[in-house]
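Chain by chain, the residues run as shown.
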Amino acid sequence: MDQIRIKNLRVYAYHGVYEQEKEKGQNFCVSAVLSVDMEQAGTSDEIGDAVDYGAVCLFIAEFMQENRFDLLEAVAGRLAEAVLFAFPAVKRIELEVDKPDAPIPLRFDSVSVRIERGWHRVFIALGSNMGDKLGYLERAVSNLQEDSHFRNIKVSDYIETAPYGGVEQGDFLNGVLEAETLYSPESLLVRLQKEEQLAGRTREVHWGPRTLDLDILFYDELILMKKELTIPHPDMKNRLFVLEPLAALAPHYVHPVYRRSVGELLAELKASSVL
């Protein structure tokens, strides 16, 4: 990805734990690496096709001066998200906030916090087989659309499918949501579980009936194996009710473990079901 680099932008602001820092203020230096696609701007030579780095610098300065935080971690985190919201063409930002005059009773050059934030492509399976199934799914999608940490949301058509896993229960309504998100994988899991809780989801029977089921299928090309979260979803290649709506959105998306496209996985599953 192409980059715009801003080095040591000097801003006088009022961040810090101590009262004198809040009252008197001090110097900060901000450096940023913005990941953007410059192909169109490089071809057209038009400012409208580019990310205006001058505007980004002014935005950073205004944000630093108009807000006050105790911790550098908060300054960097909030500023990074603010830049991503204000400049949609910026896909990712590496941000370092330097505090050269930090109140430390020792000789030092500087103290800084460096973070990375960005938009990540995710696919989320949607399912419900209790009560107003369509209503549960539509409310969940609406709530995610209203969350500023998601953008460019697309939803497949919903399909009705038989239950999976051997537990006797009603048919499911299933679909897949595609989006870009600022959430980390762990934070995304918490966000989706919160949405399930809002729908009254309980976890009494494994693979049992549920008002709302939201599962992370893909998160960029990440391969993650933790006790509480596995990405890609470990059993998706065996689930027709996942692969069919997923293929409607992204048939050429390549599974990072099997190195085969969603369309190929769907065709293989259908073929094995016939045998």
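In this text the structure is predicted, and so the values were computed from the model without any measurement.

Trainee: I'd like a rundown of the overall build of the chain, residues and numbers included.
Mentor: In terms of regular secondary structure, the chain is built from 8 helices and 11 strands. Once the C-alpha set of the chain is aligned to its principal axes, its extents read approximately 70 × 50 × 30 Å. Buried positions account for 46% of the 275 residues belonging to the chain. Once local pairs closer than 6 in sequence are excluded, the contacts in the chain between residues at least 24 apart make up 65%. Averaging the coordinates of the 30 positive side-chain charges in the chain and doing the same for the 44 negative ones gives two points 4 Å apart.

Trainee: How would you sum up the pairing of strand S5 (residues 120-128)? Please name residues and give values.
Mentor: Counting buried residues in S5 gives 8 out of 9 residues, a clear majority hidden from the surface. Here S5 pairs with strand S9 (residues 213-219) via 6 bridges, running antiparallel. Bridge assignment links Leu126 to a residue of S9, and that residue is Leu214.

Trainee: Can you break down the side chain of Thr181 residue by residue, with the values?
Mentor: One can find Thr181 in strand S8 (residues 172-181). When near neighbours in sequence (up to four residues on either side) are disregarded, Thr181 contacts Gly118, Trp119, His120, Val122, His149, Phe150 and Tyr219.

Trainee: So what's going on with the nonpolar core? Residues and values would help.
Mentor: Residues Leu34, Ile60, Met64, Leu79, Ile93, Leu95 and Val97 are the most contacted members of the largest nonpolar core, which totals 35 residues. When contributions to this core are tallied by element, the ones reaching two or more residues are strand S1 (2-13), strand S2 (26-36), helix H3 (53-66), helix H4 (72-86), strand S3 (92-99) and strand S4 (111-118). The element that contributes the greatest number of residues to this core is H4, accounting for 8 residues. Residues Leu144, Ala179, Leu189 and Ala199 belong to the second largest nonpolar core, which totals 25 residues.

Trainee: Break down the pattern of salt bridges for me, citing the residues and quoting the values.
Mentor: Counted according to the given criterion, the structure contains 14 salt bridges. The salt bridge involving Glu116 is made with Arg92; its shortest N-O contact spans 3.1 Å. Separated by 24 residues along the polypeptide, Glu116 in strand S4 and Arg92 in strand S3 bring together distant segments of the chain. A salt bridge links Glu180 to Arg151; its shortest N-O distance comes to 3.0 Å. Taken together, the residues span a long stretch of sequence, with Glu180 in strand S8 and Arg151 in strand S6 (residues 150-155) at a distance of 29 residues. Here the two residues Glu180 and Arg151 agree in accessibility, since each one is buried. Residues participating in the shared-partner salt-bridge network are Arg92, Glu94, Arg114 and Glu116.

Trainee: I'd like a description of the sheet that holds S3, backed by residues and values.
Mentor: Judged by pairing direction, the sheet is antiparallel, and its 4 strands sit side by side in the order S1-S2-S3-S4 without closing on themselves. Single-partner strands in this sheet number two, and they are S1 and S4. Here the strands of the sheet are splayed against their neighbours by 15° on average, with no regard to which way each runs. As defined by bridge partners, S3 adjoins S4 across 8 bridges and the pair is classed as antiparallel.

Trainee: Explain the packing of H3 against H4 to me, using residue names and the numbers behind them.
Mentor: Angle between the axes and distance between the axes: these two values describe a pair of packed helices. Two numbers describe how H3 lies on H4: the axes approach to 11 Å, and their chain directions differ by 135°. When the interaxial angle is binned, H3 and H4 end up oblique. The way H3 lies across H4 gives a crossing that is right-handed. For the pair H3 and H4, the contacting residues are Phe59, Ile60, Phe63 and Met64 in the first and Val75, Arg78, Leu79, Ala82, Val83 and Ala86 in the second.

Trainee: Give me the environment of Asp49: which residues, what numbers.
Mentor: The topology assignment puts Asp49 in the loop between helix H2 (39-44) and H3. For Asp49, a relative accessible area of 34% translates into the label partly exposed. Excluding residues that lie within four positions of it along the chain, Asp49 makes contacts with Gln40, Ala41 and Ser44. Here the side chain of Asp49 touches Ser44 through a polar contact of 2.6 Å, side chain to side chain.

Trainee: If you had to explain the packing of aromatic side chains to someone new, which residues and values would you point to?
Mentor: A ring pair, where both rings are aromatic, is described by two values, the distance of the centres and the angle of the planes. Under the counting rule described, the total for this entry stands at 8 aromatic pairs. Considering the side-chain rings of Tyr12 and Tyr14, the 5.9 Å spacing of their centres and the 85° angle between planes classify their relative orientation as edge-to-face. Classification of Tyr12 by relative accessible area gives partly exposed; the value is 39%. Pairing Phe63 with Phe69 gives two aromatic rings, centres 6.3 Å apart and planes at 20°, and the pair type is stacked. In this structure Phe63 comes out as buried when scored by relative accessible area, which is 14%.

Conventions we followed
Residues numbered from 1 in each chain as written. Predicted model: local features only at pLDDT ≥ 70, side-chain atom pairs only at ≥ 80, totals over all residues. Heavy atoms only, no water. Helix = DSSP H or I, 4+ residues; strand = E, 2+ residues; numbered from the N terminus. Buried < 20%, exposed > 50% of the residue type's maximum accessible area, 1.4 Å probe, protein only. Contact = heavy atoms within 4.5 Å. Lys, Arg positive; Asp, Glu negative; His and termini not counted. Charge placed at Lys NZ, Arg CZ, Asp CG, Glu CD. Pairing = 2+ DSSP bridges. Core = buried A, V, L, I, M, F, W, Y, C linked by side-chain atoms within 4.5 Å. Salt bridge = Lys/Arg side-chain N within 4 Å of Asp/Glu carboxyl O. Axes fitted to C-alpha atoms, helices over the stretch in contact; angles between N-to-C directions. Parallel < 35°, antiparallel > 145°, perpendicular 65-115°, else oblique. Left-handed = near helix turned anticlockwise from the far one by under 90°. Polar contact = N/O pair within 3.5 Å; in protein donor to acceptor, adjacent residues only side chain to side chain. Phe/Tyr/Trp six-rings, centres within 6.5 Å; stacked < 30°, edge-to-face > 60°.

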